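# Residue-level structure breakdown
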Amino acid sequence: MWEWWQRNRPLLLGAVLLLMALLWYSINLRQQDETNFPERMVLILTGPVQAGLNQVIRGAADVWDHYLYLIDTEQENRTLLENNRKLSAILAESNEVRLENERLRRLLDFKEAQELATLPARVIAEDATSWFRTITIDKGSERGVVEGMPVVVAEGVVGRVIRSSPRFARVLLITDASSAVASLLQDNRARGISRGKGERLVFDFVLRQEEVRVGDRVVTSGMGGVFPKGLIVGDVQSVDRQEFGLFQAIEVIPAVDFSHLEEVLVLLRRPQ
Amino acid sequence: MNRALIYFALAGVAAVLQTVLMPLLLQGDYKPDLVLLLVVYLGLHEGPWRGGLIVYLMGWFFDGVGGAFPGLNGFVMLAIFLAVRGIVTRVNTESSILLLLLVMAGTIVQGFLFAFALDFFRQDISVSSQIAWQLPVQLLLNFVAAVVFLKLAVWLQRTFLPRRDLPGLRKLDSRYES
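As a starting point, this report considers the structure included with it.

So, how was this worked out
- Residues numbered from 1 in each chain as written.
- Chains lettered and ligands numbered in written order.
- Predicted model: local features only at pLDDT ≥ 70, side-chain atom pairs only at ≥ 80, totals over all residues.
- Heavy atoms only, no water.
- Contact = heavy atoms within 4.5 Å.
- Salt bridge = Lys/Arg side-chain N within 4 Å of Asp/Glu carboxyl O.
- Helix = DSSP H or I, 4+ residues; strand = E, 2+ residues; numbered from the N terminus.
- Nonpolar A, V, L, I, M, F, W, Y, C, P; charged D, E, K, R; others polar.
- Buried < 20%, exposed > 50% of the residue type's maximum accessible area, 1.4 Å probe, protein only.
- Pairing = 2+ DSSP bridges.
- Axes fitted to C-alpha atoms, helices over the stretch in contact; angles between N-to-C directions.
- Expected span 1.5 Å × (residues − 1).
- Bend = angle between axes of the 7 residues up to and from the residue.

Attention now moves to the interface of chain B and chain A. The interface of chain B with chain A comprises 46 residues on the first partner and 45 residues on the second. Taken together, the connections running from chain B to chain A amount to two salt bridges. Looking at the side of chain B that touches chain A, the elements with two or more residues in it are α1 (2-25), α3 (48-63), α4 (72-87), α5 (96-121) and α6 (128-160) of chain B. In the side of chain B that touches chain A, the residues fall into 29 nonpolar, 12 polar and five charged.

As structure tokens, this is what we get:
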């Protein structure tokens, strides 16, 4: 027995260590919505370095873009002017809709939905691995940012805060595999869950009989308690209604271009 | 103690490079895993207890900048470290080719363990297909990073520490010598 123990000791001890590490990970899954002490320390220590380096790199890139790389500027200027005219027309139209909406609200004696307080933040770093989708922002609990708060940009939903330290916070993007957003189709109000799948999303649990078309807009349903209702998630890219099964396989392209995220807005609303 | 501090400092530099610099240089969400390289190196040249502790703590540190699951990086890094320790007595640890091969194998093991730990312990998450899809690109990136690291390490050693031997960099293949 002693000989067997001596011969296999390294293997057994290695296995025990590994099992303990796995057990610790498994226990932590229950408290993963809170920022633990090591994570807070890492954010406190790495945040300023990341913010500093990010500023230096962005500064260098800015100099390059504004002074050294002006080849396409004229063409870009013309395109932007054209876009500006189109957007002005759309804005005028949407103003009409807004005014009508306000009149109807008053008519039905609806309470005006209270404006959510927002906090602008700068993206200073991305996830350290290729397997997960998170970003670090330069606002933290000192400015009221806590775990669970939604993060958005003008185009749509970005994600939610998962870790926060006094001056920095980490945000889980909606494209991460562990992200799930209660959503609905804007046109026919079919409900489902938008899950992250790398650069795209899958819109799960939409019943087979629901009519879904490519290009349909997916918005938050407000059911999950994290995101307010009506924020844009993305547009349907493909629909696969299989012969059997309860649900359809729907792929969604996120409305937000995550490769060019620089500034975001944190909605200062605690998860319900 | 000094060596441990150097390892943590290197892990810190790697984390900052991976979170700030690499995303600006590389398109998409792919970036080479420099910390994996460090874990493999530690597996080849540090003892099981000391190295194991350093790697596990490094994993906890890494949870603060990568992923959303506390303890996951620690578990995966410790598993890779122990796997390397398991073969270290049977191979020539001074071979740089071995380091390259182990980084490649470590990338595959890492992908498998992430998929196992998430798909098995979190029923609502399915990452295995996404990881399988990303793995070839990640393998290529980690391979290139390992080759660049070897060239850079040899150059740094010759420039700044010409009289000192660093473990694992004593008998390098001629292709990595400058």
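Scanning the model with the defined rule gives 13 salt bridges over all chains in all. As a salt-bridge pair, arginine 213 of chain A and aspartate 216 of chain A come within 3.8 Å of each other at their nearest N and O atoms. Arginine 213 of chain A gets classed as partly exposed once you look at its relative accessible area, which sits at 45%. When its relative accessible area of 7% is taken as the criterion, aspartate 216 of chain A is described as buried. Notably, a salt bridge pairs glutamate 46 of chain B with arginine 50 of chain B, separated by 3.1 Å at the nearest N-O pair. A residue is classified by how much of its surface remains accessible, and arginine 50 of chain B, at 35% relative accessible area, is partly exposed.

What follows deals with the sheet that holds strand β3 (residues 150-153) of chain A. All names here are of chain A. If you trace the six strands once around the closed barrel, you get β1-β2-β5-β4-β3-β12, paired in antiparallel fashion. The sheet shows a mean angle of 45° between the axes of neighbouring strands, direction not considered. When β3 meets strand β12 (residues 263-267), the two strands line up antiparallel, connected through two bridges. Bridging from a neighbouring strand, valine 152 pairs with leucine 265 of β12.

Residue and element names in this part refer to chain B. With 24 residues, α1 should cover 34 Å at 1.5 Å per step; its first-to-last C-alpha distance of 32 Å lies within 8% of that length. The largest bend along α1 reaches roughly 40° and is located at glutamine 18. Taken together, the buried positions of α1 are Ala4, Tyr7, Ala11, Gly12, Ala14, Ala15, Val16, Gln18, Thr19, Val20, Met22 and Pro23.

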